[in-house]
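Descriptive structure summary
Here is how the chains run, residue by residue.
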Amino acid sequence: MKTYKIAVIPGDGIGGEVMTEGIKVLDCYASLKGNIKFAYETFPWGCEYYLKTGKMMDDDGLEKLKKFDAILLGAVGFPNVPDHISLHGLLINIRQSFNQYINLRPVKLLPGAPCPLKGKGPQDIDFVVVRENVEGEYSGVGGIRFPDKPEEIALQTSVFTRKNTEKVMEYAFQLAEERNGKRKLTNVTKSNALNYSMVFWDKIFNETALKHQDIQTETIHVDAITMYFIQKPEAYDVLVASNLFGDIITDLGAALQGGLGFAASGNLNPEGEYPSMFEPVHGSAPVLAGKGVANPIAMVWTVKMMLDFLLKVEADEIITAVTQLLQEGESLTPDLGGTATTQEVGDAICGKLAKLIKA
Ligand code: NAD
Ligand code: IPM
Ligand code: MN
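Residues numbered from 1 in each chain as written. Chains lettered and ligands numbered in written order. Predicted model: local features only at pLDDT ≥ 70, side-chain atom pairs only at ≥ 80, totals over all residues.

- Per an unreviewed UniProt entry, the chain goes by the name D-malate dehydrogenase (decarboxylating) and belongs to Alkaliphilus peptidifermentans DSM 18978.
- If you open the UniProt record of the chain and go to Catalytic activity (unreviewed entry), you find "(R)-malate + NAD(+) = pyruvate + CO2 + NADH".
- According to the UniProt record, the Sequence similarities (unreviewed entry) comment for the chain is "Belongs to the isocitrate and isopropylmalate dehydrogenases family." (UniProt positions renumbered as here; feature names shortened; annotations may be inferred.)

A few points about the nonpolar core
- Membership of the largest hydrophobic core comes to 103 residues, with the highest contact counts inside it found for I71, V130 and A172.
- When residues in this core are grouped by element, the largest group, nine residues, is from helix α9 (residues 297–311).
- When residues of this core are sorted by domain, at least three fall in each of domain 1 (1–100 + 269–359) and domain 2 (116–256).
- When near neighbours in sequence (up to four residues on either side) are disregarded, A172 contacts V130, L185, V238 and V240. (Core = buried A, V, L, I, M, F, W, Y, C linked by C-beta atoms within 7 Å. Buried ≥ 20, exposed ≤ 12 C-beta atoms within 10 Å, placed from the backbone. Helix = DSSP H or I, 4+ residues; strand = E, 2+ residues; numbered from the N terminus. Domains from an automatic or database assignment. Contact = placed C-beta atoms within 7 Å.)

Observations regarding the sheet that holds strand β2 (residues 36–42)
- If you trace the ten strands from one edge of the open sheet to the other, you get β2-β1-β3-β12-β11-β4-β5-β10-β8-β9, paired in mixed fashion. The strands lining the two open edges of the sheet, one partner per strand, are β2 and β9 (216–221). Neighbour-to-neighbour, the strand axes of the sheet open up by a mean angle of 25°, direction not taken into account.
- Sheet topology note: the strand β5 (residues 126–132)/strand β10 (residues 238–241) ladder contains four bridges and is parallel. Directly across from V129, in β10, lies its bridge partner L239.
- The strands touched by helix α1 (residues 14–33) within the sheet are β1 (2–11), β2, β3 (70–75) and β12 (276–280), with β3 carrying the most contacts at an inclination of about 140°.
- In this fold helix α7 (residues 222–231) packs onto β8 (184–189) and β9, with an angle of close to 105° to the strand it touches most, β9. (Pairing = 2+ DSSP bridges. Axes fitted to C-alpha atoms, helices over the stretch in contact; angles between N-to-C directions.)

As for the domain arrangement of the chain
- When the domains of the chain are assigned, the result is domain 1 (1–100 + 269–359) and domain 2 (116–256).
- Averaged C-alpha coordinates put domain 1 and domain 2 at centres separated by 25 Å.
- In terms of residue class, the side of domain 1 that touches domain 2 is made up of three nonpolar, four polar and one charged. (Nonpolar A, V, L, I, M, F, W, Y, C, P; charged D, E, K, R; others polar.)

Rendered as structure tokens:
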């Protein structure tokens, strides 16, 4: 039996609440399958930790995380610490230090999930965003000149390297080839205004396309994409986007699939040189924290993505279990019109899994 070592960072706000259910489902899955096991070590890093120690994570935190097969993260950020400190200190630090250059974000409407688009159903909303995850607009290059003076200037420079951009494009094309979809890759750009970074991005996209002529390609500006996601989500299969644009369009994607309570993601280092990190797209949702009402489905779906990545199998039973729950309409949290607690949803998913896997 193989034991996978998982580093668990529950983080802030609802992060810990949904993490408990994610791990519950992971353990249910493993014990039902019988041939895998997970060993967890939990790290108390986050905003509370920062207020006590002045650090978002230990100085040797990355060394500690390196020895794990994967990292599960709840959410980072709370109003008691400035967001740029908490996020750069933990989440963005891990993504960049572990060269998790792909952020994979599926947008899939499950049967029974509430879609805000009139006349659209699960057959129309099923695509994946490949988000560049270690550089671009998030490179952290810049500074403030003449602070607090009338001539104050803020600089924030995007950095796009050929090496990384080529790897991201290649990954996206290969995904479009492997996915049982439309064999289409949409390049999300803004090269009409960003005359260096996005012109370069488009150039690498077009160069990579030459090696994948079996894949249909298109290039669409990010502003237009937000409109088309609403008007014709069925047009998309795989999309590739820079760090910031990928961030923005995937919250919109989350809305299409029923809300942030459904959106999962994997921060991947595909070569396995460093551990990959799996986290829901949502944040710590301070308004919901401590109430036991957060929807754990995004975290459960995230766990499924980790299983797919580690075991190289599709842990589809987990999605089937969630779909059954949605279709029955019971055991749902308030964001889905129900009255169930976070914990009750986790229990109900395990109950469904038990029937599905034993059957
Ligand atoms: P958020 O995703 O935390 O919440 C926005 C809203 O979405 C919530 O008010 C809630 O209505 C809904 N929501 C989110 N998750 C939900 C869930 N599981 N179930 C039900 N409803 C849910 O975004 P925000 O309010 O912009 O950010 C709060 C904090 O989280 C900030 O500090 C932000 O920087 C941080 N953040 C962290 C991550 C991360 O760790 N990956 C992601 C996004 C935001
Ligand atoms: C996400 C989040 C983060 C991001 C923030 C909290 C830094 O919004 O994971 O989507 O922008 O990557
Ligand atoms: Mn985001």
